[in-house]
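These are the residues of each chain, in order.
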Amino acid sequence: MTDISSHERLLIIDFGSQVTQLIARRLRELSVYCEIHPYQNVTSEFLIGFAPKAVILSGGPASVMTEGSPRPPKEVFNLGVPVLGICYGQQVMMHMLGGKVERGHGTAEFGRAYVTPEDAKLPLLDGWFDGGKEQVWMSHGDHVSAIAPGFEVYGTSPNAPFAITADTERNFYAVQFHPEVHHTPNGAKLYENFIKLAGFSGDWTMGAYREQAIEAIRKQVGDKQVICGLSGGVDSSVAAVLIHEAIGDQLTCVFVDHGLLRKGEAEEVVTMFRDHYNMKLIHADEQELFLGALDGQADPETKRKIIGGLFIDVFQKYANEIDGAEYLAQGTLYPDVIESVSFSGGPSVTIKSHHNVGGLPEKMGLKLVEPLRELFKDEVRALGTELGLPKSFIGRHPFPGPGLAIRCPGEITRAKLDILREADAVYIDQIRKHGLYDEIWQAFVAILPVRTVGVMGDGRTYDYACALRAVTSVDGMTADYYPFSHEFLGETATRIINEVEGINRVTYDITSKPPGTIEWE
């Protein structure tokens with residue numbers, strides 16, 4: 001792990017809100033280093049060691065009226081640093097400092113609300129209320145019925161008379177709404193004001209992180225060999241380039257080619273990393289093995305298990321050829337680290353299995369190198385830019401580990417995969433030509449397990465149908481379909497049918513997530 005002790009640090013104490021990660025992302029965007037820690041892990045000793053320059057108390061589903069409900073240590077309020085309470089964080093702050101919280105009784109608020117200001121001015125609200133009121137996003141059942149001594153009211157909403165409160169003497173601030181979510185349009189400004197009040201200089205940059213990460217990798221690895229499972233995705237690619245910059249030929253990348261990649265993808269990965277970056281790269285071309293094992297298999301879970309199991313076997317086979325390897329490099333990101341810590345059950349050292357390369361470290365007895373574990377996805381892209389990776393590469397849409405297998409519902413055949421690759425290449429080419437690629441989170445073609453009758457020229461055809469998929473999203477947890485024009489869809493369908501032998505019908509999937517998923521399987 002990279003040593004971040006030289007950075008100014010903000011502590012986010014998590015009480016179980018589903019949007020706590022958004023708080024951290026807003027702060028990182030403002031060049032402030034922050035960490036999320038579950039409330040039960042934040043002890044007096046932890047606070048001393050972490051030495052935060054400011055603290056944010058997150059929202060959460062609990063009620064402070066319930067016995068045993070979450071609390072921060074009382075020392076948080078004796079650190080002499082600014083503290084911001086959000087939703088449940090406001091309620092627990094009031095409760096612990098002498099105010100009063102009551103259950104709903106008709107004052108619950110869920111969804112969009114409007115806060116109006118009081119006469120008193122508050123630096124936290126600079127840039128707010130220019131139009132007389134601010135739209136915010138509320139999600140609370142309990143409410144503050146009496147503020148703690150020393151606090152004043154700076155904003156109210158119809159069901160939250162203490163929507164914004166502060167004790168400016170002690171630098172304590174509390175809001176009933178969620179400024180981190182998209183539906184509080186001016187929320188980022190509130191966070192910007194808070195870090196100004198806390199005196200942050202904004203010393204968290206990818207340039208600084210790059211240098212610290214390189215030093216940490218060299219210190220951890222020494223003169224030992226490192227293996228990196230290179231998928232060609234953004235995370236593993238940035239991790240590989242960073243580690244290679246740190247230790248050079250001590251790194252060997254293993255690229256498992258399972259025959260389920262997009263058109264030209266294997267060649268692109270090999271050319272970029274072996275030729276351009278001059279890395280030691282093993283191209284494990286095992287297409288026949290994977291496609292042979294998948295032959296006749298139609299169940300999506302069975303297909304996933306076959307691919308996952310074979311990947312472990314193949315990776316281990318090639319990794320065993322590398323003498324003296326003691327470390328496995330992974331592109332684990334900070335959201336994975338956060339999610340691996342159980343909110344109710346305390347800390348866990350186990351990273352989620354799909355980020356643990358199917359359990360490879362346990363099987364191979366390797367130690368982990370995870371140079372991206374402090375970063376969010378957008379920070380990884382920024383680091384990739386800092387490292388000189390092409391913009392077209394680091395801005396690529398996500399691609400699933402099982403590859404085209406889950407975009408080919410039903411049985412997989414080589415012929416169907418070839419058709420799918422060609423159709424997908426035409427679709428992505430269309431999106432790029434129309435300047436839409438960066439507006440879309442993910443776009444792909446799925447080949448459907450049905451054939452349909454068509455007419456081409458004077459002849460009858462009986463070919464496959466395909467579905468186009470394109471979604472907008474922030475993090476992949478929810479998604480909506482991209483609103484292409486009918487002209488775009490018509491032009492794209494015509495190109496696919498004319499240029500891809502084997503497809504005679506094109507559809508567009510307009511299902512959101514939920515209720516659907518982004519991928520088809």
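All chains use their own residue numbering, which begins from 1 and follows the written sequence. In keeping with the predicted nature of the model, local features appear solely for residues at pLDDT of at least 70, side-chain atom pairs appear and are counted solely at 80 or more, and the whole-chain, interface and lining totals rest on all residues. Values reported for side chains reflect all heavy atoms of the structure, with hydrogen atoms and water molecules removed beforehand.

You'll find the protein entered in an unreviewed UniProt entry as GMP synthase [glutamine-hydrolyzing], with Halocynthiibacter halioticoli given as the organism. UniProt positions are given in the numbering used here, feature names are shortened, and annotations may be inferred rather than shown by experiment. For the protein, the Subunit (unreviewed entry) comment in UniProt is given as "Homodimer." Under Function (unreviewed entry), UniProt gives the following word-for-word description of the protein: "Catalyzes the synthesis of GMP from XMP."

J.: I'm lost on the UniProt feature "active site" (unreviewed entry) in the protein in this one. Help?
T.: When the UniProt feature table is mapped to this numbering, "active site" (unreviewed entry) covers Cys87, His178 and Glu180. Look at the named residues: they lie 94 residues apart in sequence, but the longest C-alpha span between them is just 11.3 Å, so in the fold they bunch up. Relative to the helices and strands, His178 is located in the loop between strand S11 (172-175) and helix H4 (187-197). Discounting chain neighbours no more than four positions away, the residues touching His178 are Ser17, Val19, Gly59, Ile86, Cys87, Trp137, Ser139 and Thr184. Only DSSP runs of H or I reaching four residues or more are called helices, and only runs of E reaching two or more are called strands; each is numbered from the N terminus. As for its position among the elements, Glu180 is in the loop between S11 and H4. Note on contacts: a residue pair is in contact if any heavy atoms of the two residues lie within 4.5 Å. Ignoring anything within four residues of it in the chain, the contact list for Glu180 reads Val19, Leu22, Ile23, Arg26, Ile86 and Tyr191.

J.: How should I be thinking about the nonpolar core in this particular structure?
T.: Within soluble globular proteins, side chains that are nonpolar tend to cluster in buried spots. Grouping buried Ala, Val, Leu, Ile, Met, Phe, Trp, Tyr and Cys residues that are joined through side-chain atoms within 4.5 Å yields what is termed a nonpolar core. Partly exposed residues are those whose accessible area sits between 20% and 50% of the maximum for their type, while under 20% is buried and over 50% is exposed, using a 1.4 Å probe and protein chains only. Among the nonpolar cores identified, the biggest contains 49 residues, and Tyr427, Ile431 and Phe484 are the most heavily contacted of them. What Phe484 contacts, discounting residues up to four positions off in sequence, is Tyr427, Ile431, Leu436, Ile440, Ala470, Leu489 and Tyr508.

J.: What's the story with the sheet that holds strand S13 (residues 251-257) in this structure? I'm lost.
T.: Whenever strands of a sheet pair, they do so through backbone hydrogen bonds, lying parallel or antiparallel. A pair of strands is treated as paired once DSSP finds two or more bridges between them. Reading across the sheet, the 5 strands line up as S14-S13-S12-S15-S16 and stay open at both edges, with parallel pairing between neighbours. Of all the strands in the sheet, the pair left with one neighbour each is strand S14 (280-285) and strand S16 (367-369). Pairs of neighbouring strands in the sheet enclose a mean axial angle of 30°, with direction left out of account. Sheet topology note: the S13/S14 ladder contains 6 bridges and is parallel. When the bridges of S14 are listed, Asp257 appears paired with Asp285. Across the face of the sheet, helix H6 (residues 234-247) comes into contact with strand S12 (225-229), S13, strand S15 (325-329) and S16 while running at roughly 155° to S13. Note on method: axes are straight lines fitted to C-alpha atoms, helices fitted across the in-contact stretch only, with angles between N-to-C directions ranging 0 to 180 degrees. Against the sheet, helix H9 (residues 300-319) contacts S12, S13, S14 and S15, and its axis sits at roughly 145° relative to S13.

J.: Honestly, the environment of Asp438 in this entry has me stumped. Any pointers?
T.: Here Asp438 shows up in the loop between helix H14 (414-433) and strand S17 (442-456). Sequence separation between Asp438 and Ser392 is 46 residues, and the spatial gap between their C-alpha atoms is 9.8 Å.

J.: Explain the layout of surface pockets here, please?
T.: To find the voids left in a structure, one rolls a probe of water-molecule size over its atoms. For cavity detection a 1 Å grid was placed over the protein atoms alone, and a set of points counts as a cavity when a 1.4 Å probe fits there but cannot get out; an open set counts as a pocket when protein lies on both sides within 12 Å along at least five of seven lines, with lining residues being those that have an atom within 4 Å of a point. Grid points are joined across faces, edges and corners, and a volume is the space filled by probe spheres set on the points. By volume, the second largest pocket is sized at about 320 Å³. Forming the boundary of the second largest pocket are 16 residues, of which Arg262, Lys263, Glu268, Arg396 and Ile428 lie nearest the centre. Of all the secondary structure elements, the ones that give two or more residues to the lining of the second largest pocket are helix H7 (265-276), helix H13 (391-394) and H14. The class makeup of the residues in the lining of the second largest pocket is 5 nonpolar, 3 polar and 8 charged. Each residue is assigned to one of three groups, with Ala, Val, Leu, Ile, Met, Phe, Trp, Tyr, Cys and Pro labelled nonpolar, Asp, Glu, Lys and Arg labelled charged, and all others, Gly among them, labelled polar.

J.: Which parts of the structure should I look at to understand the state of the cysteines?
T.: Every disulfide links exactly two cysteines, by a covalent bond between their sulfur atoms. We call a pair of cysteine sulfur atoms a disulfide when they lie within 2.5 Å. Within the structure shown, the criterion is met by 0 disulfides. Here Cys408 stays free of any disulfide, with the sulfur of Cys466 as its closest cysteine sulfur at 12 Å. With relative accessibility at 0%, the residue Cys408 sits in the buried group.

J.: Just to check I follow, could you spell out unusual backbone geometry for this structure?
T.: Across the chain, the bulk of peptide bonds are trans and the bulk of non-glycine residues have phi less than zero. With an omega dihedral of -15°, the bond running from Lys513 to Pro514 counts as a cis peptide bond. On the secondary structure map, Pro514 appears in the segment after strand S20 (503-508). Residue Pro515 follows Pro514 across a cis peptide bond; omega there is 10°. Its identity as a non-glycine residue notwithstanding, Ala51 has a phi of 50°, on the positive side. Along the polypeptide, Ala51 turns up in the loop between helix H2 (44-50) and strand S3 (54-57). For Asn171, which is not glycine, the phi dihedral falls at a positive 65°. Within the secondary structure layout, Asn171 lies in the loop between strand S10 (160-167) and S11. Using a relative accessible area of 23% as the deciding quantity, one classes Asn171 as partly exposed.

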